[in-house]
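If you want the building blocks of each chain, they are given just below.
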Amino acid sequence: LQPLTASNTADDDTKFSAFTASVGKLRPTSTGTIEWKAADPAEYPAIHPNYLATELDRQTAIDSIKHVRKIINAPALKPLISEEYEPGIQHQTDEELLEYARNRATTIYHPTGTCKMGPKVDETNVVDERLRVYGLEGLRVVDCSIMPEIISGNTNAPAIMIAEKAADMMKEDACWDR
């Protein structure tokens, strides 16, 4: 819950007194992909987030919007609210709420898993247990992209932990390389 309008935080054009009640699935079951479009590293990759691809994620989005509506229509809040700005009372059916969710879905600053860590036998894994990229000598990935699954919280502390552990491993490996 935010005590402000947050239609689009990048350039918010909603200039009225409001609050924003956001919902987010902490453990989504949908997964996306990142694909290189060209051999040129300056070329942007194709990013396909694949939001709401699973039935569980779709139903959770619908149920979450309905739950927020129950909260804002509770006797203590209802007199303070003049109207629902988004998704708007015109969106009532599950299909309408899902379409709204599909149009608004985002990662909210914490994407993970694009270079996930795991055994080489799984072709979707990118790094080994020492964060070394499979098939590339001397390259490691040291950020939250190594997480096979997103955590249920802010990724700042885990990112710091991953970096500290990686620094220790790199120092250990340097000792063995001598």
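Everything below is about the structure shown above.
Below you will find a few notes about this structure.

Analysis parameters
Residues numbered from 1 in each chain as written. Predicted model: local features only at pLDDT ≥ 70, side-chain atom pairs only at ≥ 80, totals over all residues. Heavy atoms only, no water. 1 Å grid on protein atoms, 1.4 Å probe; cavity = no way out; pocket = protein on both sides within 12 Å on 5 of 7 lines; lining within 4 Å. Points joined across faces, edges and corners; volume = space filled by probe spheres on them. Nonpolar A, V, L, I, M, F, W, Y, C, P; charged D, E, K, R; others polar. Buried < 20%, exposed > 50% of the residue type's maximum accessible area, 1.4 Å probe, protein only. Helix = DSSP H or I, 4+ residues; strand = E, 2+ residues; numbered from the N terminus. Arc of directions from axis to C-beta. Contact = heavy atoms within 4.5 Å. Axes fitted to C-alpha atoms, helices over the stretch in contact; angles between N-to-C directions. Parallel < 35°, antiparallel > 145°, perpendicular 65-115°, else oblique.

This brings us to the layout of surface pockets. Space inside the second largest pocket adds up to approximately 180 Å³. Along the wall of the second largest pocket there are 11 residues; nearest its centre are R132, E137, G138, R140 and D173. For the lining of the second largest pocket, the per-class residue count stands at five nonpolar, one polar and five charged.

Another aspect to go through is helix 2 (residues 94-104). For helix 2, the full list of buried residues reads L97, L98, Y100 and A101. In a view along the axis of helix 2, the buried residues occupy a sector of 160°, so they form one face of it. Structural note: helix 2 exposes E95 and N103 on the side pointing more than 90 degrees away from its buried face. Where helix 2 is buried, its residues touch helix 1 (55-72).

Mapped onto the elements, Q2 comes out in the segment before strand 1 (33-35). Sequence separation of Q2 and G113 is 111 residues, and the distance between their C-alpha atoms is 28 Å. Among all residues touching Q2, those that are not within four sequence positions of it are F19 and T20.

With respect to the helices and strands, the residue T155 is situated in the loop between helix 2 and helix 3 (156-177). Residue classification places T155 among the buried positions, given a relative accessible area of 10%. With residues near it in sequence (within four places) discarded, T155 still touches H110, T112 and C144.

Moving on, we get to the packing of helix 1 against helix 2. Contact geometry for helix 1 and helix 2: axes closest at 9 Å, N-to-C directions at 100°. Between helix 1 and helix 2, the crossing angle belongs to the class labelled roughly perpendicular. When helix 1 is examined against helix 2, the residues R58, Q59, A61, I62, I65, K66 and R69 are found in contact with a partner set consisting of D94, L97, L98, Y100, A101 and R102.

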